[in-house]
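Structural overview
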Amino acid sequence: MDTNTTVQALCAGLSAAQVAAVRAPLDRPLLLVACPGAGKTRTLVTRMAYLVAAERLPAERALLVTFSRTAVEEAKERLLQLSRTPGMPPALSRALLQCRVRTLHGLGRELLRAASFGEWERVCGRVPVPRRVEAAERLAIIREAMELCEQQGTNTGAGANGGRESERSVLEMIAATAAAANTDDARIANNEFSETVDLTDERGNTERRRAVLQMSHDIAERKAALVAPVDVSTLSPEARARLHLNDIVYAYYERWLQQLNCIDYDDMIAMPRKLLGASAPVRQRLQRGVAALFVDEFQDTSTAQLRLLQAILRHTGAHLCAAGDDDQSIYGWRNAQPAFMTEFHTHFPNPHRIFLTCNHRSTGQIVRCSDGLIRHNRQRIRKAMVLPEDAPADGGEPVRVHRYATAADEDADLARQLQQLHQQHGARWRDMAVLCRLSKPLEAVRAALQARDIPLAGADQAKTVARSAAVDAALRIDDQRRESAWAAAAASARPVLALIELLVNERDVKMMSCACAAFAPEMHALTRACIAREAQRAGGEALMQTVRRMIRHPERYFRPPRGVRGVAEEEAAAHGGLSMRLAPNQLSACKALAQAYEALRAHAREHGARISLSQLVAAAQDVARRAPHQQRHRHGDSEYGGRALRNLCQNVEREVATAALEQIDEEGVGGGDDAALFRGLMRVAHPPTAPTTAFQNATLAANLPADDRRHWLLPLSAMLHKLHQVLQDGPAALHRTRRREAVDAVAVSTIHNAKGKQWRYVFVVRLVEGICPLSVWFGEIEEERRLLYVAMTRAMHRCTLSAAYEEETGDSTESNQPSRFLAELKAAHCVLEQRRKGVVESEERRLAAQAARKPKRLRCQAAAPTS
Ligand SMILES: Nc1ncnc2c1ncn2[C@@H]1O[C@H](COP(=O)(O)OP(=O)(O)OP(=O)(O)O)[C@@H](O)[C@H]1O
């Protein structure tokens, strides 16, 4: 098939504007300004295919980035569909599956992985691989810094002096954090910062919450602008006195992130950008992977993200094709800047702009009603949403606006309408969605719908199911065998895992003690404490390095055996040894530990990237068997137990690998090759709760040749983590892989989560002041209006908006004002219905009574009017 025919097949069914976008020349950046339902994702992926087919773009160098995982899934699905277009040459079909689709954060993570150990430390100030700080942790740290600054009389408002005093004391704290490492460790160990911040009070307009969020926003802004926090320790007292509160909180927050070896969401964008300037491997990784960059949902771009995109284009010279709708920008709280759409030309010079304004999704009435609403916004690219030529301008039903006396009435009537659509109009549950501005009010809605047996799901209308039987069969794990293997393995696991743990984590005293119990049982607690103190004195040296140093200079650390003359204690201390030296037998204990450790380390080095957890376990078992004390103290490590542990490890390995494969299968792109498997392993290999991961990785990486580090570092951590979990929780833990499966259920979701989706019937509930628009938001009324616009434009066939005058909250009843946006809807495209409590209730009672009497007749009866 020639290229022209292929292109024709690709563009079949597209509108003229969409075809123009697909075939636009490559010499200038391209911006597609689209309306809801204009098919921008479809156009973007078709352009990708067009460039691959007609412009010889290597598919693996076509990269589409977007801003949420759902959007990634959606784009991959579209690529898959496109690859199955009838008449598509098989080579092109295969090539399309090689196109890469990522969230921008995912791309950032990928680039971070290409950085070397040293670059991580030098450019990012972290040890690979850092953990991502939880949202609650972030807010807790910010709040703590602000409260510390507020203490001692800042509440005087004008009391600048009191404020300055306390701010200064926080500055001292920041400067002293490095010195106070012990306290910090204790706080980290106690997980103090994972305390959850009260974010449930979504309607509460509390000043503190607002201030903390605003500060968090300010920190994000600074990070977006790559503003480094001040280094307090280098400032003069005068300079410190001039610092603003926000500078102090930012410095405090960053200091803590470094202490915790964490990065935040913004770092996943800002750090790759820094690394692009500083690291050749990161640049090369990027250059290999990007010749054309496609950005979907461009209106959600934040300042930092824009800069990363610019850096990518600068370093690769790639073609840019962005698509977005400024009217659907709803992530202002994540620093999204719809203005980047209007000012596109200032960031990407000489662009080509194409408008896609035809809504292929909704009826004429929905399109006109929602278009009338969004026209109240001023900061927007002027565009009129239109319908396809063959669609009637006033087609479909008008938008329904329902008002109720109470929220309970609203929910009861909602349930009735959903049931009616399902039972009398044959609609599937999955064709319906209930959307709300906030998640909290949805709790009551869910309860009301569940009470009436309506199946519910989230916006993705999928549920988590256990791993499929096919995968189980592939794993060939038989429950009974696993059960007994687990028992035997658990019994023999401790000494073996202790040694592996020590290899993985050379700085953790607890791990060393654990390993000592098996390989150097004679070692006293005092000796272990001395090793730890010596390592600390040497600036955080690896524990085993300290042990080696002590073995090299026994005269400084150990008393000589009886009858042998040694150096005086004062002299030993003067040479940097211990002032109180350890008993002579402690030297042999140290040697036993070092010997076992070296044997395992040599094994790991020898096998490098090819070693698996079960091989490592086998090696550790071998070392354990040869350890001198093992002959004296048999500790029940039966041969069966040893074998069982190796089997268990193999199962764990298979499980981790299968989880990776499943993930790759679900993503559908790039499956099969080793690189994809490895990427998948990397993803599942992220033990979320292991506090020592960073150190583990650091030490292990130091132990391995550079090339081997990335190949098994994280997978091994994951497997060890899983093995611990299995040993702790029993065999059931081995069987926990889950996946998402589509269900026939009504989507109940926040508007944010519904973005990019569509349903035949959409119900937007709780449209009252304080919820939509949300009163606590920072005056962003236009963003609130955009949210309602997004919600309405999800509807294909019917859109129902509702509000109630009263809502019961606990013991009290709150009165509500209907949302101001309802008054902005044009009367010509909507019908207002005042639904009274009595009518709804009596109708329900009547139907229920009728159902009890004549269930068969009820099924074919037409709906009775209720208003
Ligand atoms: N040329 C077309 N002809 C007919 N239907 C189309 C056309 N283009 C897109 N559609 C349909 O319109 C609907 C909306 O498309 P799509 O979801 O790609 O739009 P979108 O611009 O991403 O929407 P939104 O921004 O609102 O999420 C889909 O059902 C899609 O199949």
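Analysis parameters
- Residues numbered from 1 in each chain as written.
- Predicted model: local features only at pLDDT ≥ 70, side-chain atom pairs only at ≥ 80, totals over all residues.
- Heavy atoms only, no water.
- Helix = DSSP H or I, 4+ residues; strand = E, 2+ residues; numbered from the N terminus.
- Contact = heavy atoms within 4.5 Å.
- Areas by Shrake-Rupley, 256 points an atom, 1.4 Å probe, with all protein chains shown as cover.
- Disulfide = S-S within 2.5 Å.
- Core = buried A, V, L, I, M, F, W, Y, C linked by side-chain atoms within 4.5 Å.
- Buried < 20%, exposed > 50% of the residue type's maximum accessible area, 1.4 Å probe, protein only.
- Domains from an automatic or database assignment.
- UniProt positions renumbered as here; feature names shortened; annotations may be inferred.
- Near = heavy atom within 4 Å.
- Polar contact = N/O pair within 3.5 Å; in protein donor to acceptor, adjacent residues only side chain to side chain.
- Pairing = 2+ DSSP bridges.
- Axes fitted to C-alpha atoms, helices over the stretch in contact; angles between N-to-C directions.
- Phe/Tyr/Trp six-rings, centres within 6.5 Å; stacked < 30°, edge-to-face > 60°.
- Expected span 1.5 Å × (residues − 1).
- Arc of directions from axis to C-beta.
- Salt bridge = Lys/Arg side-chain N within 4 Å of Asp/Glu carboxyl O.
- Parallel < 35°, antiparallel > 145°, perpendicular 65-115°, else oblique.
- Nonpolar A, V, L, I, M, F, W, Y, C, P; charged D, E, K, R; others polar.

Further remarks concern the overall build of the protein. Secondary structure summary: the protein contains 40 helices and 18 strands in total. For the protein, contacts bridging at least 24 residues in sequence account for 81% of all contacts bridging at least 6. Carbon and sulfur atoms make up 50% of the accessible area of the protein, which amounts to about 38,600 Å² in all.

When the sulfur atoms of two cysteines share a covalent bond, that bond is a disulfide. This model, assessed by the stated rule, comprises zero disulfides. Of all cysteine sulfurs in the structure, the one in Cys830 sits closest to Cys369, which takes part in no disulfide; the separation is 4.9 Å.

So, about the nonpolar core. Leu418, Val434, Leu449, Leu788, Met792, Leu801 and Leu825 are the most contacted members of the largest nonpolar core, which has 59 residues in total. Among the elements that take part in this core, helix 37 (residues 781-792) stands out by supplying six residues, more than any other. Counting contributing residues, this core receives three or more from each of domain 1 (3-113 + 271-354) and domain 3 (367-461 + 744-859). Residues contacting Val434, with those up to four places away along its chain left out, are Leu414, Leu418, Val445, Leu449, Val746, Ala747, Val748, Ser749, Phe763 and Val765. In this structure, Val33, Leu276, Leu293 and Ala322 belong to the second largest nonpolar core, which totals 42 residues.

On to the UniProt feature "binding site: ATP" (unreviewed entry) in the protein, then. In the numbering adopted here, UniProt assigns the feature "binding site: ATP" (unreviewed entry) to Ala34, Cys35, Pro36, Gly37, Ala38, Gly39, Lys40 and Thr41. Along the chain, the position of Ala38 falls in the loop between strand 1 (30-34) and helix 3 (40-54). The contact partners of Ala38, leaving out residues within four places of it in the chain, are Gln18, Leu356, Cys358 and His360. Note on placement: Gly39 falls in the loop between strand 1 and helix 3.

Around the ligand, the structure places 19 residues, and the nearest of them are Gln18, Lys40, Arg78, Arg361 and Arg794. Residue Arg361 places a side-chain N or O atom 2.8 Å away from an oxygen atom belonging to the ligand. Between an oxygen atom of the ligand and a side-chain N or O atom of Arg794, the distance comes to 2.9 Å. In the complex, the protein chains occlude 82% of the 630 Å² of accessible area that the ligand would expose alone.

Turning to the environment of Val445, a few remarks are in order. The topology assignment puts Val445 in helix 21 (residues 440-451). Residue contacts for Val445: discarding those within four places in its chain leaves Asp411, Leu414, Val434, Val765 and Arg766.

The next thing to look at is the sheet that holds strand 1. Pairing in this open sheet of six strands is parallel, and the strands run 3-2-6-7-1-8 from one edge to the other. At either end of the open sheet lies a strand with only one pairing partner, and these are strand 3 (100-103) and strand 8 (352-356). When the angles between neighbouring strand axes are averaged without regard to direction, this sheet yields 20°. Here strand 1 runs beside strand 7 (residues 319-324); their pairing, made up of four bridges, is parallel. Following the sheet pairing, Leu30 is matched in strand 7 by Cys321. Docked against the sheet, helix 3 engages strand 1, strand 2 (62-66), strand 3, strand 6 (292-295), strand 7 and strand 8, running at close to 165° with respect to strand 7.

Turning next to the packing of aromatic side chains. Counted by the stated rule, this structure contains three aromatic pairs. Each ring, one from Phe298 and one from Phe344, has its centre 5.4 Å from the other, and the planes form 75°; the classification is edge-to-face. Remark: Phe344 occurs in helix 18 (residues 344-347) and Phe298 occurs in the loop between strand 6 and helix 16 (303-316); sequence separation between them is 46 residues. Taking relative accessible area as the criterion, Phe344 reaches 2% and is therefore assigned buried.

Turning our attention to helix 4 (residues 69-83). Compared with the 21 Å implied by 1.5 Å per residue over 15 residues, the 21 Å span of helix 4 between its first and last C-alpha is a close match. The set of residues buried in helix 4 consists of Ala71, Val72, Ala75, Lys76, Leu79, Leu82 and Ser83. The buried residues of helix 4 occupy one face: seen down the axis, they fall within an arc of 135°.

Attention now goes to the pattern of salt bridges. In the structure shown here, the tally under the stated rule is 32 salt bridges. Between Arg380 and Asp327 there is a salt bridge; the shortest N-O distance is 2.8 Å. You can see Arg380 sitting in the loop between helix 19 (364-374) and strand 9 (399-406) and its partner Asp327 sitting in the loop between strand 7 and helix 17 (339-342), a full 53 residues away along the chain. You'll find Arg380 and Asp327 in the same group, each marked buried. Taken together, the shared-partner salt bridges in this structure form one network comprising Arg138, Lys223, Glu254, Asp264, Asp266 and Asp267.

For the rest of this paragraph, the subject is unusual backbone geometry. Note that the residue after Cys772, namely Pro773, is joined by a cis bond; omega there is 5°. In this model, Glu297 sits at a positive phi of 55°, which is unusual for a non-glycine residue.

A separate point is the pairing of strand 1. Sheet faces and side chains relate simply in a regular strand, where the side chains alternate between the two faces. Burial runs high along strand 1: five of the five residues are buried. Across the two faces of strand 1 the burial is the same, with Leu30, Leu32 and Ala34 and Leu31 and Val33 all buried. As judged from the five bridges shared by strand 1 and strand 8, these two strands associate in the parallel manner. Bridge pairing in strand 8 places Leu31 opposite Arg353.

Contact geometry of helix 1 (residues 3-11) with helix 3 gives a least axis separation of 10 Å together with a crossing angle of 175°. Looking at the two axes, helix 1 sits roughly antiparallel to helix 3. Residues Thr3, Thr6, Val7 and Leu10 of helix 1 lie in contact with helix 3, whose contacting residues are Thr46, Ala49, Tyr50, Ala53 and Ala54. Split by residue class, the contact of helix 1 with helix 3 holds six nonpolar, three polar and no charged.

Here we take up the side chain of Asn359. Mapped onto the fold, Asn359 is located in the loop between strand 8 and helix 19. Given the relative accessible area of 1%, Asn359 is considered buried. There is a polar contact of 3.0 Å between the side chain of Asn359 and the backbone oxygen of Pro36. Leaving out residues up to four positions away in the same chain, Asn359 has contacts with Pro36, Gly37, Val367, Met385, Val386, Leu387 and Pro388.

On to the environment of Ala95, then. Tracing the backbone through its elements, the reader meets Ala95 in helix 5 (residues 90-96). Between the C-alpha atoms of Ala95 and Ala59, which are 36 residues apart in sequence, the distance is 5.7 Å. With near-sequence residues (within four places) excluded, Ala95 lies in contact with Val52 and Ala59.

Quick look at helix 25 (residues 525-537) now. Counted at 1.5 Å a residue, the expected span for helix 25 with its 13 residues is 18 Å, and the 18 Å between its end C-alpha atoms agrees. Along helix 25, the residues classified as buried are Thr527, Cys530, Ile531, Ala532, Glu534 and Ala535. Positive phi appears at Gly539, one or two residues downstream of helix 25, with a value of about 75°.

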